[in-house]
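Listed below are the residues making up each chain.
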Amino acid sequence: LAPLVNAQRHVGMLSKLRKRLDSGIKEELVLLCELRGIGRVRARRLFNAGIKTVADVKKTRAEDLAKILGSGVAVSVKTNLGEEFEKGAKKKMESQLKEQKTLFDG
């Protein structure tokens, strides 16, 4: 309604508020939820791990993202951001994660 009543200055704020209400998120997660495959729960996991922006996601290695999100989602997110992977990268990361888990299971 804001554009109809000539309240253009409120359109940006209202757009952000609509995204927050649709996703049920706080303001700090809006940018992370813009990524394909990232909803409020995954965005919160990233945020709690210190990854707060899309630029942080780009800088983070896929292996580290896999620890937070799972290997399939990590590969998908990085691919959507323009990073290319060799064939079988998802399986490779899964096997690395299993090896790391067994070291701590001891």
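Residues numbered from 1 in each chain as written. Predicted model: local features only at pLDDT ≥ 70, side-chain atom pairs only at ≥ 80, totals over all residues. Heavy atoms only, no water.

## Regarding the overall build of the protein
Here's step 1: Within the protein, the regular secondary structure consists of seven helices and zero strands.
Here's step 2: In the protein, the succession of helices and strands from N to C terminus is α-α-α-α-α-α-α.
Here's step 3: Here the protein, with 106 residues, has 27% of them falling under the buried criterion.
Here's step 4: In the protein, the share of contacts with a sequence separation of at least 24, taken over all contacts with a separation of at least 6, comes to 22%.
Here's step 5: Accessible surface computed for the protein: about 7700 Å², of which carbon and sulfur atoms make up 51%. (Helix = DSSP H or I, 4+ residues; strand = E, 2+ residues; numbered from the N terminus. Buried < 20%, exposed > 50% of the residue type's maximum accessible area, 1.4 Å probe, protein only. Contact = heavy atoms within 4.5 Å. Areas by Shrake-Rupley, 256 points an atom, 1.4 Å probe, with all protein chains shown as cover.)

## Section: the pattern of salt bridges
Here's step 1: On inspection of all chains with the given rule, the structure shows three salt bridges.
Here's step 2: As a salt-bridge pair, Glu28 and Arg44 come within 2.9 Å of each other at their nearest N and O atoms. Taken together, the positions of Glu28 in the loop between α1 (11–23) and α2 (30–33) and Arg44 in helix α3 (residues 40–48) put the pair 16 residues apart, joining distant regions of the chain.
Here's step 3: The exposure class of Glu28 is partly exposed, given its relative accessible area of 32%.
Here's step 4: Residue Arg44 is classed as partly exposed on the basis of its relative accessible area, which comes to 24%.
Here's step 5: With a shortest N-O distance of 3.9 Å, Lys67 and Asp64 are connected by a salt bridge. With Lys67 and Asp64 both in helix α5 (residues 62–69) and three residues apart, the pair spans about one turn of that helix. (Salt bridge = Lys/Arg side-chain N within 4 Å of Asp/Glu carboxyl O.)

## A word on the environment of Leu17
Here's step 1: The residue Leu17 is located in helix α1 in this model.
Here's step 2: Owing to a relative accessible area of 38%, Leu17 belongs among the partly exposed residues under this scheme.

## Some details on the packing of α3 against α5
Here's step 1: Here α3 crosses α5 at 120°, and the two axes come no closer than 10 Å. The angle between α3 and α5 falls in the class oblique. Between α3 and α5 the crossing geometry is right-handed. Across from Arg42, Arg45 and Leu46 in α3, the residues of α5 making contact are Leu65, Ile68 and Leu69.
Here's step 2: Grouping the constituent residues of the contact of α3 with α5 by class yields four nonpolar, no polar and two charged. (Axes fitted to C-alpha atoms, helices over the stretch in contact; angles between N-to-C directions. Parallel < 35°, antiparallel > 145°, perpendicular 65-115°, else oblique. Left-handed = near helix turned anticlockwise from the far one by under 90°. Nonpolar A, V, L, I, M, F, W, Y, C, P; charged D, E, K, R; others polar.)

## Quick word on the side chain of Lys78
Here's step 1: Position of Lys78 among the secondary structure elements: in helix α6 (residues 71–80).
Here's step 2: Classification of Lys78 as buried rests on a relative accessible area of 2%.

## So, the confidence of the model for the protein
Here's step 1: Of all residues in the protein, 70% attain a pLDDT of 70 or more, and the chain-wide mean is 78.
Here's step 2: The secondary structure element of the protein with the lowest average pLDDT is helix α7 (residues 89–105), at 61, and the one with the highest is α3, at 92. (pLDDT = per-residue confidence, 0-100.)

## Some points on the packing of α5 against α6
Here's step 1: The N-to-C vectors of α5 and α6 enclose an angle of 130°; their axes lie 7 Å apart at closest approach. As the angle between them shows, α5 and α6 are arranged oblique. Read as a crossing pair, α5 and α6 show a hand that is right-handed. On α6, the residues touching Ala62, Leu65, Ala66 and Leu69 of α5 are Ser71, Val73, Ala74 and Lys78.

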